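# An overview of the molecular structure
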Amino acid sequence: MSSLRDGSGEGFAVTWREVADRERVLETLRLSEQRFRATVDQLPDAVSVFESVRDRNGQIADFRWVYCNGYNAEMTGYPVERLLGSRLLDVFPEQGPAGMIEIYSRVVSTGVSWEQPTVWYEDTWGDGSRRRRAFDVRASKVGDGFVVVSRDVTDVRRATETLAAREHQLAEAQHLARMGSWEHDLETGETDWSRECGDILGYASDQPPSLDALRARSHPEDAARVDAALAATFTEGGAWDLGHRLLHPDGTVRHVHARGRVELDDTGAPAYARGTLLDETDVIRVSDALVESNLRLEESNQSLSDLLGLVGHDLKNPLTVSLGFLSMTGLELDDLAETGADVSGARAMLGRATEAAHRVESLLASVLEMSRIDYSTLRSRGEPVDVAEVVQQAVTDLTIISEVEIDDLTGLRAVADASHLRQVLGNLLSNADKYGAAPISISGDTVGSTTRIVVSDAGRGVPEDFLPRLFERFSRAERESKPGTGLGLHLARQLCRVMGGDLTYLPPADGEGPRFVVSLAAG
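The following paragraphs examine the structure supplied in this document. Note that this is a predicted model, so its numbers are computed, not measured.

This next bit is on the side chain of Ser-105. Here Ser-105 shows up in helix H5 (residues 100-110). You can call Ser-105 buried: its relative accessible area is 15%.

What follows is the structure in structure tokens.
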């Protein structure tokens, strides 16, 4: 409104403007913003809007919060009121060294949005604690700033990393055990197998897993039997357990033991198959080699075997008779002692004579065994044996002073001749009892394709200057005054080698006593 003057007198003019539409638009915008904020505040993501903070040269030095939703408080540990108006580097100084300021500056300067599935960095939580977390981050330019949406995926990423680590451990375990696994969905026809399974089957890593590819590797002579086992379980459910051969394109033959089971769905129909392949090629090869070696041993040196039998018979018979007479003499001394006669001197001499006769008997047995090894007439039956069972038998059969501690050997198997392995362990235990110190212990493990059985004690061990002669026949350390033939360790090592393994010695170290290690093919 304004006054007007003209020739006729005084008055005023009034200008009217319609603003109802503008107010309605503003109200609509306010309602829209409220709905937007309410929606954003309910998101499971932290949404923030930043404006650039520039230095005198116009370069971006930092960013200031102008908006943030409620989830920011949960993700940072700071209340929204503390974040609004604050500079990013004041709240999270770690963002600078982490390169985030540079990234956000590039978004503002180029207008190109930035997205990173996982960003790991360590920052300071609202309570002052340091936390390393992972975020999925998306940032886009808005005016002279940017809007960033962040989602805390720490738990998901850690779970994913844990799962990946466990899958890697499983793959490594399968590789060490030479066991692969596979699975097949009977409804969809989809198949998957582990890396080791593909290796056992002879496929490259880029070979798509399939049931047909699995069956294609069956040896032609075994294929019908394998297909029949799978067909029966795929139709009716149940399990399969069979050994068969695989034939690779290059002609390589692998021996495997296949196990598996078909799971049923809610209607009782077969739905899912899971199976394993255990590569037993090395075990079969060792066993076959032992069988072949036995055949050669049986066919050769028969005359030497006959001679050894004759010599053994001619020596053992008079020795047995002598031991019998010594025993009868002991009974006669008992009768004389009852009459009051002093037989102490005679009894002492009789004891020495009996002890000497038993040493000769033991020496004769060792020499005959050693001769059989030398002349390849010793028979060794190589087959998978239960190590725990053989160890228990060896300890039970032996009469020694020291107590023997046996670790848990459950499930430990080796390719060996049980009687020869028992003799080896008996020699090692007797040696530890005679020259070592309690406690004597037996432990074992499997490393790759080798089973190790360790006999240890708490003694001083073998003198260093004697180590080069430790396993030589008739070899004894000069410091030892106890009776012995010097054949025990030599014979034990030779028996191990006849079984395709070896016997080694480890001196005391790192708090452990001397150890003798029997190494055999894992069964």
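Strand order in the open sheet formed by 5 strands is E14-E16-E17-E19-E18, with mixed pairing between adjacent strands. Taken across any chain shown, the strands that pair with only one partner, and hence form the sheet edges, are strand E14 (404-406) and strand E18 (502-506). Across this sheet, the average inter-strand angle for adjacent strands is 20°, counted without regard to direction. Taken together, the 3 bridges between E14 and strand E16 (residues 440-447) define a ladder with parallel strand orientation. The residue bridging Val-404 from the neighbouring strand is Ile-440, located in E16. Sheet strands in contact with helix H15 (residues 488-498) are E18 and strand E19 (515-521), and its direction is about 130° off that of E18.

Glancing now at the pattern of salt bridges. What the rule picks out here adds up to 21 salt bridges. Here Arg-245 makes a salt bridge to Asp-222, at a shortest N to O gap of 3.0 Å. Of the two residues, Arg-245 is situated in strand E10 (residues 238-247) and Asp-222 in the loop between helix H8 (211-216) and helix H9 (223-236); the sequence distance between them amounts to 23 residues. Overall, Asp-222 belongs to the buried group, its relative accessible area being 7%. In this structure, Asp-502 engages Arg-493 in a salt bridge whose closest nitrogen and oxygen atoms are separated by 3.7 Å. We classify Asp-502 as partly exposed; its relative accessible area is 24%. On the basis of relative accessible area, Arg-493 is assigned to the buried category, the value being 17%. Here the residues in one salt-bridge network are Arg-178, Glu-196, Arg-254 and Asp-279, joined through shared partners.

Moving on: unusual backbone geometry. The peptide bond linking Ala-438 to Pro-439 adopts the cis configuration, its omega dihedral lying at 0°. Here Pro-439 shows up in the loop between helix H14 (418-435) and E16. Here Asp-510, not a glycine, exhibits a phi torsion of approximately 55°, which is positive. Within the secondary structure, Asp-510 sits in the loop between E18 and E19.

Close contact between H14 and H15 brings their axes to 9 Å; oriented N to C, the two are set at 150°. With respect to H15, the axis of H14 lies roughly antiparallel. Seen along the crossing, H14 lies across H15 with a hand that is left-handed. From H14, His-420, Gln-423, Val-424, Asn-427, Leu-428 and Asn-431 reach across to H15, where they touch Gly-488, Leu-489, Leu-491, Ala-492, Leu-495 and Cys-496. Across the contact of H14 with H15, the residue classes tally to 7 nonpolar, 5 polar and no charged.

Another aspect to go through is the packing of aromatic side chains. Under the criterion given, the structure shown has 12 aromatic pairs. Measuring from ring centre to ring centre gives 4.4 Å for Tyr-104 and Phe-146, while their planes differ by 20°; the resulting arrangement is stacked. With Tyr-104 in helix H5 and Phe-146 in strand E7 (residues 145-152), this pair connects stretches of sequence that are 42 residues apart. Grouping residues by exposure puts Tyr-104 and Phe-146 together as buried. On the numbers, 6.4 Å between centres and 75° between planes, the contact of Phe-234 with Trp-240 is edge-to-face. Of the residues examined, Trp-240 reaches a relative accessible area of 7% and is grouped as buried. When the ring centre of Tyr-203 is taken as origin, the NZ or CZ atom of Arg-217, which lies over that ring, is 3.9 Å away. Taking NZ or CZ as reference, Arg-493 lies 3.8 Å from the ring centre of Phe-471, over its face.

Cut-off values and rules
Sequence positions are assigned chain by chain, starting from 1 and proceeding in written order. Whole-chain, interface and lining totals are the exception, using all residues; otherwise, since this is a predicted model, local features are given only for residues with pLDDT of at least 70 and side-chain atom pairs are given and counted only at 80 or more. The basis for every side-chain value is the complete set of heavy atoms in the structure, and neither hydrogens nor water enter the calculation. Helix numbers and strand numbers start at the N terminus; a helix is a DSSP run of H or I with at least 4 residues, a strand a run of E with at least 2. Working definition: with a 1.4 Å probe on protein chains only, accessible area under 20% of the residue-type maximum means buried, over 50% means exposed, and in between means partly exposed. Note: two strands are recorded as paired if DSSP finds a minimum of 2 bridges between them. Note on geometry: axes are lines fitted to C-alpha atoms, helical ones only across the stretch in contact, with angles between N-to-C directions running from 0 to 180 degrees. Contacts are assigned to residue pairs that have any heavy atoms within 4.5 Å of one another. Only one rule defines a salt bridge in this text: a Lys or Arg side-chain nitrogen within 4 Å of an Asp or Glu carboxyl oxygen. Working definition: roughly parallel below 35 degrees, roughly antiparallel above 145 degrees, roughly perpendicular at 65 to 115 degrees, and oblique for all remaining angles. With the far helix as reference, a near helix turned anticlockwise by less than a right angle produces a left-handed crossing, and one turned clockwise produces a right-handed crossing. Think of it as three bins: nonpolar holds Ala, Val, Leu, Ile, Met, Phe, Trp, Tyr, Cys and Pro, charged holds Asp, Glu, Lys and Arg, and polar takes everything else, Gly as well. Any Phe, Tyr or Trp ring, taking Trp's six-membered ring, that has another such ring centre within 6.5 Å forms a pair; planes under 30 degrees apart are called stacked, those over 60 apart edge-to-face, and the others tilted. The criterion is that NZ of a Lys, or CZ of an Arg, lies within 6 Å of the ring centre and within 35 degrees of the ring normal, and then a charge sits over that ring.

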